[in-house]
Amino acid sequence: MKFHTELDILYEDHLCLVVNKPSKLLTIKTNDPKTFSRNLYHQVYEYLAHRRERPFIVHRLDFETSGILIFAKSPAMKERLQKAFEERRVLRLYECVVREKIPCGKTFRTRLCLSENRNSFRVYRDEHGREAITLFQSQVALSIGTGLKVQIETGRKNQIRLSCLENHWTLIGDKRYSGDSARRMYLNAYCLSFPQDIGLQQCSFRIPTLWIEDKMCNPISLGEGRQGHSLDGAKRSR
């Protein structure tokens, strides 16, 4: 009997499971009873339980964000993958759409220090917080704004959303920080690439982009001839 699953599985072997998370789905459950089974981890857990395997959470995506997530199938692989994230050896590419018109080809590097309020779960700028580095490249002019390629060097909660805000951009659908009421948040994680020495049988994963064109999935270059500017949110005063 075939087990029915809602999962959009991109890749699977004995080491890991890679899935495409839809927007408006939690990665893990919260204290709200409604999320006990309405979350990605629960779906993955049930799918693997029928195969007598167990998932281990490596990283997360926000509720509103869609895109690629990898689950390890052993504690050892979980530790290897998380170490690669911590050492900033993983290429993580996103795409987003902001309402502002930004000339194509411009690049931006935004550095913030972020902390989280444990009562409200809101993330805020804090000079004593954890470093968050985000690279942006304006890619395409759209009728609703500008499609941006995004690369995160660090994996802090809400860092892309707050980096857009720092640049005075309105991330479409970001109700929490930008106050935009679009039906969905225009933020999608489309490429995840690990170093070859990590021990995975397949190291790079991608899904088709929704709003920009990026077939090569190369890192964003910030060479000497770049356009745009750099912001250091930890030092810059408003």
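The shown structure was predicted, so the numbers you read here are calculated from the model rather than taken from an experiment. (Residues numbered from 1 in each chain as written. Predicted model: local features only at pLDDT ≥ 70, side-chain atom pairs only at ≥ 80, totals over all residues. Heavy atoms only, no water.)

(A) Fine view of the layout of surface pockets. Considered as a void within the structure, the largest pocket measures approximately 1500 Å³ in volume. As for the largest pocket, its lining consists of 39 residues, of which Arg60, Asp62, Arg156, Lys157 and Asn158 are closest to the centre. Among the residues forming the lining of the largest pocket, the class breakdown is 14 nonpolar, 11 polar and 14 charged. (1 Å grid on protein atoms, 1.4 Å probe; cavity = no way out; pocket = protein on both sides within 12 Å on 5 of 7 lines; lining within 4 Å. Points joined across faces, edges and corners; volume = space filled by probe spheres on them. Nonpolar A, V, L, I, M, F, W, Y, C, P; charged D, E, K, R; others polar.)

(B) Highlighting the pairing of strand β2 (residues 16-21). Of all six residues in β2, six are buried, a share of seventy percent or more. Going residue by residue along β2, you find Cys16, Val18 and Asn20 tucked away on one face and Leu17, Val19 and Lys21 tucked away on the opposite face as well. Taken together, the six bridges between β2 and strand β4 (residues 66-72) define a ladder with antiparallel strand orientation. Its bridge partner lying in β4, Leu17 is registered against Phe71. (Buried < 20%, exposed > 50% of the residue type's maximum accessible area, 1.4 Å probe, protein only. Helix = DSSP H or I, 4+ residues; strand = E, 2+ residues; numbered from the N terminus. Pairing = 2+ DSSP bridges.)

(C) Here's a closer look at helix α1 (residues 40-49). When α1 is considered as a whole, its buried residues turn out to be Leu40, His42, Gln43, Val44, Tyr47 and Leu48. For α1, the secondary structure elements touched by its buried residues are β1 (9-12), β2 and β4. By the N-cap criterion, in which a side-chain oxygen at the helix start approaches the backbone nitrogen of a residue two or three places on, α1 is capped by Asn39, the distance to Tyr41 being 3.3 Å. (Contact = heavy atoms within 4.5 Å. Polar contact = N/O pair within 3.5 Å; in protein donor to acceptor, adjacent residues only side chain to side chain.)

(D) Quick peek at the pattern of salt bridges. Counted according to the given criterion, the structure contains 17 salt bridges. We note a salt bridge from Glu6 to Arg38, for which the minimum N-O separation is 3.8 Å. Of this pair, Glu6 sits in the segment before β1 while Arg38 sits in the loop between β2 and α1, and the two are 32 residues apart along the sequence. Here Glu6 falls in the exposed class, since its relative accessible area comes to 58%. The partly exposed category is assigned to Arg38, whose relative accessible area is 44%. Overlapping salt bridges, with partners in common, bring together Glu12, Arg51, Glu53 and Lys73 in one network. (Salt bridge = Lys/Arg side-chain N within 4 Å of Asp/Glu carboxyl O.)

(E) Structural view of the packing of aromatic side chains. Evaluated as defined, the whole model comprises six aromatic pairs. When the ring of Tyr11 is compared with that of Phe205, the centres are 5.5 Å apart and the planes differ by 45 degrees; the resulting orientation is tilted. In this pair, Tyr11 sits in strand β1 while Phe205 sits in strand β11 (residues 204-206), placing the two residues 194 residues apart along the sequence. Both residues of the pair, Tyr11 and Phe205, count as buried. A centroid spacing of 5.1 Å and a plane angle of 85 degrees characterise the contact between Phe108 and Trp169, whose relative ring orientation is edge-to-face. Separated by 61 residues along the polypeptide, Phe108 in strand β6 (residues 107-116) and Trp169 in the loop between α3 (159-166) and β10 (187-193) bring together distant segments of the chain. (Phe/Tyr/Trp six-rings, centres within 6.5 Å; stacked < 30°, edge-to-face > 60°.)

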